Amino acid sequence: MYLRYLPSGGDESALGKGPSLMFVTLPKVFESMGLSTVIGSAFFLLVLFAALTSSISIMEAIVSSLCDKFGWSRKKTTLGVGIGSFLFGIPPILGYSLWDKVTLGGLTILDMMDFITNSVLMPIGAMLTCIFVAYVIGVNVIHDEVKLSSDFKRQKLFDIMIKYVAPVLIAAILVSSVLEALGIIKF
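These remarks concern the structure in this document. The numbers attached to residues start from 1 for each chain and follow its sequence in the written order. pLDDT decides what is reported in this predicted model: residues at 70 or higher carry local features, side-chain atom pairs at 80 or more are listed and counted, and totals for whole chains, interfaces and linings draw on all residues regardless. Hydrogens are left out, water is left out, and the side-chain values use all remaining heavy atoms of the structure.

1. A short note on the overall build of the protein
Moving on, step 1. Counting secondary structure elements, the protein contains 6 helices and 2 strands.
Moving on, step 2. A helix here means a DSSP run of H or I that spans at least four residues, while a strand means a run of E at least two residues long, and both kinds are numbered starting from the N terminus. Its helices and strands taken in sequence order, the protein reads α-α-α-β-β-α-α-α from the N to the C terminus.
Moving on, step 3. For every residue, the accessible area (1.4 Å probe, protein chains only) is compared with the maximum for its type, and the residue is labelled buried under 20%, exposed over 50%, or partly exposed between those bounds. Taken over 187 residues, the protein has a buried fraction of 19%.
Moving on, step 4. Whether two residues are in contact is decided by their heavy atoms, any of which lying within 4.5 Å being enough. Once local pairs closer than 6 in sequence are excluded, the contacts in the protein between residues at least 24 apart make up 32%.

2. Considering the side chain of His 143
Moving on, step 1. Tracing the backbone shows His 143 in helix α5 (residues 139–149).
Moving on, step 2. The class for His 143 is buried, based on a relative accessible area of 3%.
Moving on, step 3. With sequence-adjacent residues up to four places away left out, His 143 is seen in contact with Phe 152, Gln 155, Phe 158 and Asp 159.

3. Details of the nonpolar core
Moving on, step 1. Core analysis: the largest hydrophobic core is formed by 8 residues, namely Met 127, Cys 130, Val 133, Ala 134, Val 139, Ile 162, Ala 166 and Ile 170.
Moving on, step 2. At the level of secondary structure, the elements contributing two or more residues to this core comprise α4 (109–136) and α6 (155–181).
Moving on, step 3. For this core, the element with the most residues is α4, which contributes 4 residues.
Moving on, step 4. Those residues in contact with Ile 162 that lie beyond four places of it in its chain are Cys 130, Val 133, Ala 134, Val 139 and Pro 167. The definition of a nonpolar core used throughout is a set of buried Ala, Val, Leu, Ile, Met, Phe, Trp, Tyr and Cys residues joined through side-chain atoms within 4.5 Å.

4. Quick word on the side chain of Thr 77
Moving on, step 1. Its place among the elements puts Thr 77 in helix α3 (residues 74–94).
Moving on, step 2. Not counting chain neighbours up to four residues away, the residues in contact with Thr 77 comprise Val 63, Leu 66, Cys 67 and Trp 72.

5. A few points about unusual backbone geometry
Moving on, step 1. Phi angles above zero are rare outside glycine, and Leu 35 is one such case at about 55°.
Moving on, step 2. Mapped onto the elements, Leu 35 comes out in the loop between α1 (19–31) and α2 (36–70).
Moving on, step 3. With a relative accessible area of 65%, Leu 35 lands in the exposed category.

By themselves these figures say nothing about function.
In structure tokens:
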């Protein structure tokens, strides 16, 4: 009975995580506040700036890598990556209009992309980073870099964390995210 007073309108799934939290629940929270239009507009404007700066940062890494690897010109590479990013962004945009009935495993297009990037690709990237730092370049390189600017007092703790603890915990996050998405476990 009390759920009808929540910003979710009684929809408990909207209180969870992912795009529904930002685009369903938060607008309802802002609506219940004084100066809701000003606060909501300011919030989403700041989200826009955060998204743009993050996108530019990510795009720069891709453009720089492609230019270095293949010797392509910066302008053409930037244009190609920008067009590719735009095309990749079309399905989530259409997921709220023309393709709003399209679901995969009960998830909308944006929810699916959110799951893949946040719950699968990010842990895999973190795991690969741990493996790269610990076993490919080696922890001694990190030790030497840190010692250039400061005292590395927790060197042994760092070694244990990067080699053993972090990979195990990251693997647990990855497995639990996938199992939760498959409905095998519930948090």
